[in-house]
There are 2 protein chains.
Amino acid sequence: MTTQEMTHGTAGQAVAGAGRPAGRPRSEKAEKAIIEATLDLIAEGMGVAELSIEAIASRAGVGKTTIYRRWSNKEDLVADSLATLKAPLPPVRGVSVREDLITLLAAMQNEAGQDRTRCLMNVAMSDADRYPRLMGRFVKVAVEPRRKAVRDVVQRGVDTGELRPDIDVDVALASLSGAMLWYTKWGNAELTDGLAERIVDQVLSGIASR
Amino acid sequence: MTTQEMTHGTAGQAVAGAGRPAGRPRSEKAEKAIIEATLDLIAEGMGVAELSIEAIASRAGVGKTTIYRRWSNKEDLVADSLATLKAPLPPVRGVSVREDLITLLAAMQNEAGQDRTRCLMNVAMSDADRYPRLMGRFVKVAVEPRRKAVRDVVQRGVDTGELRPDIDVDVALASLSGAMLWYTKWGNAELTDGLAERIVDQVLSGIASR
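Presented here is an overview of the structure given in this document.

Calculation rules
- The numbers attached to residues start from 1 for each chain and follow its sequence in the written order.
- Here chains are named by letter from A upward and ligands by number from 1 upward, in the order in which they appear as written.
- Two thresholds apply to this predicted model, a pLDDT of at least 70 for residue-level local features and 80 or more for giving and counting side-chain atom pairs, whereas whole-chain, interface and lining totals are computed over all residues.
- The basis for every side-chain value is the complete set of non-hydrogen atoms in the structure, without hydrogens or water.
- Copy-to-copy superposition: least squares on the C-alpha atoms, limited to residues that have pLDDT of at least 70 in both copies.
- Any pair of residues with heavy atoms lying within 4.5 Å of one another is described as a contacting pair.
- Orientation is described by lines fitted to C-alpha atoms, with helices fitted over the stretch in contact, and by angles between N-to-C directions that extend from 0 to 180 degrees.
- By definition, any uninterrupted DSSP run of H or I lasting at least four residues is a helix, any uninterrupted run of E lasting at least two residues is a strand, and each is numbered from the N terminus.
- Roughly parallel refers to an angle under 35 degrees, roughly antiparallel to one over 145, roughly perpendicular to one between 65 and 115, and oblique to any angle outside these ranges.
- Left-handed describes a crossing whose near helix is turned anticlockwise from the far helix by less than a right angle; the clockwise case is right-handed.
- Under this grouping Gly is polar, as are all residues other than the nonpolar Ala, Val, Leu, Ile, Met, Phe, Trp, Tyr, Cys and Pro and the charged Asp, Glu, Lys and Arg.
- Three labels apply to residues, based on accessible area from a 1.4 Å probe with only protein chains included: buried if under 20% of the type maximum, exposed if over 50%, partly exposed otherwise in between.
- The salt bridge definition used is simple: a Lys or Arg side-chain nitrogen within 4 Å of an Asp or Glu carboxyl oxygen.
- A 1.4 Å probe defines the accessible area here, and the buried area is the portion of it lost by two parts on being joined, summed over both.
- Two N or O atoms count as a polar contact when they lie within 3.5 Å, although within protein this holds only if one can serve as hydrogen donor and the other as acceptor, and sequence-adjacent residues are included solely when both atoms are side-chain atoms.

**Digging into the relation of the copies chain A and chain B**
Working step 1: Laying chain A over chain B is done by rotating through 180° and shifting 0.0 Å along the axis; what remains is an RMSD of 0.0 Å. Read as a symmetry element, the transformation amounts to a two-fold axis. In terms of proximity to the rotation axis, the leading residue of chain A is G206 of chain A, whose C-alpha is 1.7 Å off the axis.
Working step 2: Counting the interface residues of chain A, we find that 100% of their copies in chain B are interface residues as well, pointing to one common contact surface.

Below you can see the structure in the form of structure tokens.
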């Protein structure tokens, strides 16, 4: 086997293995147009069931093969499109656990305040049971890294002694992020000043009398 | 005006004011059939947009006027149907704040474990932005009483001194119920033993080192 054959072989395997094209997309512009078209159609009220690669291609002004070259199926495309709505994770300073938790929760609050994001997330969540592949991919690319960021800060606090050594890290994550979810889902979190700080301080100190 | 006229007049006003029939429904059985038909159609994947009074009447085996006699519009009917999925609020003993919070959170966990409830709630939540009347009514009849039950226990704790006097009751509610929501939404809450107890104990004691 020549070097050239080996290279081709490897590239071919990567395509088959990941279900995605090897290497960089031929055109970042086309990828952006496809993602925007997908989000626009969902925002206009098209459910995942009705959404077709054909409709997306037509809206994006590309051929269907251009889409299939990047995504082997609709669910992965929707998941990746939704993931682009997430703001980048804010950097944490790593000095104070309290400060870093406020940074991460404030970013969560800020993101939820965006109308378009909220609308599209509602659509995605509604189809959770019907589209496990979509949800699985979305959780992996969009939810897990954010969950991990909060968990890492809590774990660091346990390690440094800023937090009690015997806490349940999972329950801490749920109380912190769940409290913000509670506000963004049911209340008007975007109107609530200093919400991240109030949540973090109260979860840190507890509510029981000493 | 005779007493009889006055009585009729009052009944008539009640109908006009509430948009619902006065007095008891003529047939509890018909009402039950209408609600079951509504839930079945949603469970089969019919979105609120597609759902029609006609389809519900046909499935329930009643005439459309039988439905309109009870609900003036589709959104109220869907909200009331979804509300029937909620288990009755468990009674709290009123002795210990910790014990009562565990009772309420355990009921929340138990409810979320029901597949049908979860599926139907997903559908309802997905349409939140498109159907504000539906959501408004659902929040009023199903969500608010549960929120109030937790809030009342927390407030009682503040009043009796079991909880710190300076806590933010809203944030406490969000940390407790939000933590359970976090598990029921993203995790496998039904598989997690003693979850309500773990959440309540950690929110009570806080996670910071003393």
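**Some details on the packing of helix α6 (residues 97-112) of chain A against helix α10 (residues 195-205) of chain A**
All names here are of chain A.
Working step 1: At their nearest, the axes of α6 and α10 sit 8 Å apart, and the two run at 135° to each other. When the axes of α6 and α10 are compared, the pair comes out oblique. As α6 packs across α10, the resulting crossing turns out to be right-handed. For the pair α6 and α10, contact is made by R98, L101, I102, L105, A106 and Q109 and by L195, A196, E197, I199, V200, D201 and L204, respectively.
Working step 2: Broken down by class, the residue content of the contact of α6 with α10 amounts to nine nonpolar, one polar and three charged.

**Section: the side chain of S175 of chain A**
Working step 1: Looking at the secondary structure, you find S175 of chain A in helix α9 (residues 169-186).
Working step 2: Residue S175 of chain A is classed as buried on the basis of its relative accessible area, which comes to 2%.
Working step 3: Excluding residues within four positions of it along the chain, S175 of chain A makes contact with V203 of chain A together with S175, A179 and V203 of chain B.

**Regarding the side chain of D100 of chain B**
Working step 1: Within the element layout of this structure, D100 of chain B appears in helix α6 (residues 97-112).
Working step 2: With sequence-adjacent residues up to four places away left out, D100 of chain B is seen in contact with V92, R93, G94, V95, V153 and R156 of chain B.

**Examining the pattern of salt bridges**
Residues and elements named next belong to chain A.
Working step 1: For the structure on display, the rule yields 32 salt bridges over all chains.
Working step 2: Note that R137 is salt-bridged to D76, the shortest N-O span being 3.2 Å. On the criterion of sequence distance, the pair formed by R137 in helix α8 (residues 132-160) and D76 in helix α5 (residues 74-83) is long-range, its members being 61 residues apart.
Working step 3: For D76, a relative accessible area of 5% translates into the label buried.
Working step 4: With its nearest N and O atoms 3.3 Å apart, the salt bridge here joins E111 to K86. Residue E111 is found in helix α6, and its partner K86 is found in the loop between α5 and α6; the two are separated by 25 residues along the sequence.
Working step 5: What you see here is one network of salt bridges that share partners, running through D76, D80, R133 and R137.

**What to know about the packing of helix α2 (residues 28-43) of chain B against helix α5 (residues 74-83) of chain B**
Residue and element names in this part refer to chain B.
Working step 1: Relative orientation of the contacting elements α2 and α5 amounts to 90°, with a least axis distance of 9 Å. As the angle between them shows, α2 and α5 are arranged roughly perpendicular. Contact residues: α2 offers I34, I35, T38, L39 and I42, while α5 offers L77, V78, S81 and L82.
Working step 2: Tallied by class, the residues present in the contact of α2 with α5 amount to seven nonpolar, two polar and no charged.

**Observations regarding the interface of chain A and chain B**
Working step 1: Taken together, the contact pairs 44 residues of chain A with 44 residues of chain B.
Working step 2: Taken together, the two surfaces of chain A and chain B that pack against each other cover about 4,200 Å², and 59% of this comes from carbon and sulfur.
Working step 3: Counting the contacts that link chain A with chain B gives two salt bridges.
Working step 4: Residue D168 of chain A is joined to R198 of chain B by a salt bridge in which the shortest nitrogen-to-oxygen separation is 2.7 Å.
Working step 5: The tally of links from chain A across to chain B stands at 26 residue pairs in polar contact (both at pLDDT 80 or more).
Working step 6: Every element with two or more residues in the side of chain A that touches chain B is listed here: α7 (115-126), α8, α9 and α10 of chain A.
Working step 7: Take the side of chain A that touches chain B: its biggest share by element is 14 residues, from α9 of chain A.
Working step 8: When grouped by side-chain class, the residues that make up the side of chain A that touches chain B number 22 nonpolar, eleven polar and eleven charged.

Note that every value here comes from positions in space, so none of it alone points to a role or purpose.
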